[in-house]
Each structure stands twice: as structure tokens, then as C-alpha cells.
Amino acid sequence: MGDVELERGVELLVRQVGHWQQGRWSGVASASELPRADLVYRLIQDIADLAADVEGQPRRVVPRLDNDLALADQLRVVAADLLAAGPADDVLARATAEVAATRAAL
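Residues numbered from 1 in each chain as written. Predicted model: local features only at pLDDT ≥ 70, side-chain atom pairs only at ≥ 80, totals over all residues. Heavy atoms only, no water.

1. A look at the side chain of arginine 36
The topology assignment puts arginine 36 in helix α3 (residues 36–55). One buried charged side chain, arginine 36, makes no salt bridge at all; its nearest oppositely charged neighbour is aspartate 68, positioned 10 Å away. Excluding its chain neighbours within four sequence positions, the residues that come into contact with arginine 36 are Trp20, Arg24, Trp25, Gly27, Val28, Ala29 and Leu106. (Helix = DSSP H or I, 4+ residues; strand = E, 2+ residues; numbered from the N terminus. Buried < 20%, exposed > 50% of the residue type's maximum accessible area, 1.4 Å probe, protein only. Lys, Arg positive; Asp, Glu negative; His and termini not counted. Salt bridge = Lys/Arg side-chain N within 4 Å of Asp/Glu carboxyl O. Contact = heavy atoms within 4.5 Å.)

2. Thoughts on the nonpolar core
In globular proteins that are soluble, nonpolar side chains generally tend to be buried together. Counting 32 residues, the largest nonpolar core has Leu6, Leu75, Leu82 and Leu106 as its most contacted members. Elements with a contribution of two residues or more to this core: α1 (2–17), α3, α4 (71–84) and α5 (89–105). Here this core gets ten residues from one element, more than from any other, and that element is α3. (Core = buried A, V, L, I, M, F, W, Y, C linked by side-chain atoms within 4.5 Å.)

3. Here's the deal with the environment of valine 17
Turning to its location among the elements, valine 17 is positioned in helix α1. Given the relative accessible area of 3%, valine 17 is considered buried. The contact partners of valine 17, leaving out residues within four places of it in the chain, are Trp25, Ala72 and Leu106.

4. Notes on the pattern of salt bridges
In total, this model carries eight salt bridges according to the counting rule given. For the salt bridge of arginine 59 with aspartate 53, the shortest nitrogen-to-oxygen distance reads 2.5 Å. You can call aspartate 53 partly exposed: its relative accessible area is 40%. Each member of the salt-bridge network shares a partner with another, and the members are Glu11, Arg15, Asp73 and Arg76.

5. Quick word on the packing of α1 against α4
The axes of two packed helices give the description: the angle between them and the distance between them. Relative to each other, α1 and α4 sit at 175°, their axes nearing to 10 Å. Taken as axis vectors, α1 and α4 run roughly antiparallel relative to one another. Contact residues: Asp3, Leu6, Glu7, Val10, Glu11, Leu13, Val14 and Val17 in α1; Ala72, Leu75, Arg76, Ala79, Leu82 and Leu83 in α4. Its residues assigned to classes, the contact of α1 with α4 comprises ten nonpolar, no polar and four charged. (Axes fitted to C-alpha atoms, helices over the stretch in contact; angles between N-to-C directions. Parallel < 35°, antiparallel > 145°, perpendicular 65-115°, else oblique. Nonpolar A, V, L, I, M, F, W, Y, C, P; charged D, E, K, R; others polar.)

6. Examining the environment of glycine 2
Looking at the secondary structure, you find glycine 2 in helix α1. Residue glycine 2 is classed as buried on the basis of its relative accessible area of 18%. The sequence separation of glycine 2 and glutamine 21 amounts to 19 residues, and the corresponding C-alpha distance is 31 Å. Leave out the neighbours within four places in its chain, and glycine 2 touches Leu92 and Thr96.

7. Quick look at the side chain of aspartate 49
Looking at the element boundaries, aspartate 49 is found in helix α3. Non-local contacts of aspartate 49, meaning those with residues more than four positions away in its chain, are made with Arg59 and Arg60.

8. Quick look at a negative patch on the surface
Taken together, the side chains of Asp3, Glu7, Asp89 and Asp90 make up a negatively charged region of the molecular surface. Elements with a minimum of two residues in the negative patch: α1 and α5. With respect to the helices and strands, the residue glutamate 7 is situated in helix α1. (Patch = residues over 30% accessible without salt bridge, like charges linked within 9 Å, V, L, I, M, F, W, Y side chains within 5 Å. Areas by Shrake-Rupley, 256 points an atom, 1.4 Å probe, with all protein chains shown as cover. Charge placed at Lys NZ, Arg CZ, Asp CG, Glu CD.)

Take a look at the structure:
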């Protein structure tokens, strides 16, 4: 069930932000002092770190692209990487909670 919950959370977040233009990404998130793009990028990096940990690989910095419109696609990719790594339920729960918290903060 953890896989399904993470996939659903990511899909909901992508639907929430996938249509945003650059100006909206630059705005400050309502529940944070960070720009929305920075908040989503932080989530992407956190999920990528979880995937690296599960795979027993070193953590790597996810490239921050010039165009924030790519963030939704980057989120999909790192979430798929995490799921492909076969994480334990507690890791899935943590990732799912982070996705939900980011959605709420936006």
C-alpha cells in the first residue's frame, strides 16, 4: 500500500503545480518563507536522498534547472527512482509525509 500512497501523493502535487507559470513558482509559499520553487526542489532533493540511501549509493545533488516548470517532472522521476529501489515501509511513509507536507505548504 505504501507505493500506492506515494504515487498518489506525487500525482496530486503534480496536478496542483503542473500548470503554474514562472511567476507563481517565484511566489512565497503560504506556510513557508521559501519561494514555492525552492520548497518543491527541497522535496525533490529529499526524495532523491532517500532513494540513494535505499540503494546504498552516495547522495548526489539533484541539478537545479533554470526553468522551474521542470520541477514537476523532476519530482516524478525521483519518486519513480525511490519506488524502483524497493524501499521499506517506513521510508515510503516518510516520503509520502514529505509530499503531503509540501502540498499543504504551497
